[in-house]
Amino acid sequence: MEAVMGYLEKAEPTPYTFWLGYVHYVLICKPEDLQVVLNNSNCLEKSNFYKFFVNTVGEGLFSSPVEKWKKHRRLITPAFNIRLMETFFPIFNAKNERLVRRMEKEADTGEYFDLWPYISSNALDIICQTTMGYDINSLESTKVEFEEALKIASVEDSLRIYKPWLHPDFIFKLYIKFTGLTKSYELVHKLPEQIIERKQNELREKKLKLRDNDVREKSLLSFLDLLLELNEEGAEFSDTDIRDEVVTMMIGGSETSALTLSFTLLMLAMNSEVQERAYKEIEQILGTDERPILMEDVNKMVFLEQCIRETLRLFPPGPLILRKATKDVPLSDNFILRSGANIIIPPVRVQRHPNLYENPLMWNPENFSVEEVAKRHKYSFIAFSGGPRGCIGSKYAMFSMKVTVSMILQKYILRTEVKLEDIRLSLDLLMRSVHGYKIKLYSRKLKI
Ligand code: HEM
């Protein structure tokens with residue numbers, strides 16, 4: 001990942017055009033150009049590179065061609081309304097309570113441990129329960145298989161980008177057959193397929209019990225229930241369409257949040273004064289008695305949100321976004337983005353650019369104070385992308401992550417001697433820390 005960042009730094013000024021073989025690329029970093037591109041209807045198509053992830057995520061919202069995407073996005077958007085998200089809070093509370101309890105064995109040992117297995121497993125539980133109404137702990141062994149297979153599949157998918165001889169689909173099909181990778185892709189799909197099947201059966205049983213005038217309120221249907229109901233009403237999602245959207249939500253919604261949470265907790269462990277300030281804010285809002293966290297509580301956690309946004313600035317889980325221009329689009333300085341060009345949008349470069357952030361390599365939540373945000377162009381922060389094809393789950397992600405961090409900080413003090421400059425990054429489908437997220441945990445009542 002550091003090599004990629006090195007290339008991005010040298011590619012100035014942007015828009016920066018280059019050719020790799022016969023393929024035309026344009027790198028865009030200026031916020032005013034990003035605003036134009038991300039909101040232009042002729043830049044909604046994803047680049048051909050996304051087809052390398054199709055064996056894993058299929059053709060869900062993230063990777064589907066524009067015409068299919070438009071129809072699906074319109075139908076799926078209601079599953080992210082605020083009223084429905086408010087109903088997720090009891091699940092956020094229950095799952096994080098379990099997480100905090102599971103972490104107890106790491107507390108007060110004085111030993112380092114890696115946050116990742118705890119945080120990633122919990123994020124997957126939460127996404128499955130909230131968006132699909134399914135407790136995947138009842139499918140524990142399939143869940144473990146899913147996590148293992150996803151690790152292998154996303155690394156192999158991204159390595160394919162750097163191996164041009166594997167680009168033709170027929171060669172890649174032979175490659176995955178002979179290397180046994182087909183099995184990993186099957187295992188990634190096994191868990192979502194089981195969830196869908198169980199949900200379909202549940203829905204059929206419910207329908208039998210419902211009387212004609214018992215109408216279920218659409219705005220409160222979970223994402224998967226909504227897809228299945230829409231299908232009954234003629235939306236014409238195929239079984240593969242539904243599976244692809246479910247896999248997309250499971251991966252897009254859990255790994256991204258888990259990475260952001262792990263980096264945020266690591267940053268808080270490195271910066272004890274900031275951690276104390278975040279804790280004080282949480283204590284002031286929630287008091288010292290144990291009680292469930294509500295949506296109105298997290299809306300008040302302004303400083304905690306600054307900490308999470310600052311982490312997303314330095315460590316955006318999706319460091320590169322690739323689109324394709326389908327018509328000529330004029331940009332700043334009389335630059336014309338030509339039809340057919342592959343557009344590279346690099347949140348990791350934009351958000352570390354010295355013209356946009358002072359001391360861009362330092363972690364400083366003050367970068368997201370109201371005053372600092374007001375001084376910058378809105379598109380200086382694009383960790384959730386932007387425009388009509390931006391992240392559908394950004395609000396959900398913030399709610400869910402704020403509950404997780406506040407429940408951990410209520411119970412524990414985090415410490416680490418790892419330094420920001422020690423962190424090495426790798427890139428597969430997402431950007432991660434090579435050496436994990438190692439911290440020490442102390443019970444808050446023990447006061448170290
Ligand atoms: C910290 C958490 C998250 C980050 C940083 C993030 C970031 C992003 C980014 C950068 C994109 C655009 C990707 C591209 O164009 O290549 C995206 C798209 C998407 N995200 Fe998120 N995401 C997060 C959480 C979530 C959650 C919680 C969900 C679902 C519950 C979700 C679902 C999606 C979907 C479905 C898309 C595709 C949208 C479309 O093309 O219409 N994301 N996200």
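Everything discussed here concerns the structure shown above.
Residues numbered from 1 in each chain as written. Predicted model: local features only at pLDDT ≥ 70, side-chain atom pairs only at ≥ 80, totals over all residues. Heavy atoms only, no water.

Draft legend 1. View of the sheet that holds strand β5 (residues 321-324). The sheet built from five strands is open, its strands ordered β1-β2-β8-β5-β3 with mixed pairing. Each edge of the open sheet carries a strand with a single partner, namely β1 (16-20) and β3 (45-46). In terms of strand pairing, β5 meets strand β8 (residues 342-345) through four bridges, oriented antiparallel. Each residue of the ladder has a partner; that of Ile 321, found in β8, is Ile 345. (Pairing = 2+ DSSP bridges. Helix = DSSP H or I, 4+ residues; strand = E, 2+ residues; numbered from the N terminus.)

Draft legend 2. Looking closely at the packing of helix α6 (residues 89-102) against helix α18 (residues 394-411). In contact at an axis separation of 10 Å, α6 and α18 are set at 40 degrees when each is read in the N-to-C sense. By the angle class used here, α6 and α18 are oblique. α6 and α18 meet at a crossing whose hand is right-handed. Along its contact with α6, which presents Phe 89, Phe 92, Asn 93, Asn 96, Glu 97, Leu 99 and Val 100, the element α18 presents Tyr 396, Phe 399, Ser 400, Val 403, Thr 404, Met 407, Ile 408 and Lys 411. (Axes fitted to C-alpha atoms, helices over the stretch in contact; angles between N-to-C directions. Parallel < 35°, antiparallel > 145°, perpendicular 65-115°, else oblique. Left-handed = near helix turned anticlockwise from the far one by under 90°. Contact = heavy atoms within 4.5 Å.)

Draft legend 3. Examining the site of the ligand more closely. The full set close to the ligand counts 28 residues, and Lys 46, Tyr 50, Trp 69, Arg 73 and Cys 391 are the nearest of them. In this structure, Arg 73 approaches the ligand through a side-chain N or O atom, which is 2.7 Å from an oxygen atom. Gly 252 is positioned with one of its backbone polar atoms (N or O) 3.4 Å from a nitrogen atom of the ligand. Sorting the residues of the shell around the ligand by element identifies α4 (66-76), α12 (239-270) and α18 as the ones contributing at least two each. The biggest single contributor to the shell around the ligand is α12, with six residues. (Near = heavy atom within 4 Å. Polar contact = N/O pair within 3.5 Å; in protein donor to acceptor, adjacent residues only side chain to side chain.)

Draft legend 4. Broad picture of the coordination of the iron atom of the ligand. There is one protein donor for the iron atom of the ligand, namely Cys 391 (SG), at 2.3 Å. Among the secondary structure elements, Cys 391 is positioned in the loop between α17 (370-375) and α18. (Donors = N, O, S within 2.8 Å, 3.2 Å for Na, K, Ca; no water.)

Draft legend 5. Just the sheet that holds strand β12 (residues 438-443), in detail. One open sheet accounts for three strands, arranged β4-β12-β9; its pairing is antiparallel. The open sheet terminates on both sides in strands that have one partner only, identified here as β4 (113-114) and β9 (412-415). In the sheet, β9 pairs with β12 via four bridges, with the strands oriented antiparallel. In the strand pairing of β12, Tyr 412 is matched with Ser 443. On top of the sheet, α12 reaches β9 and β12; it is set at about 80 degrees to β9, its chief contact.

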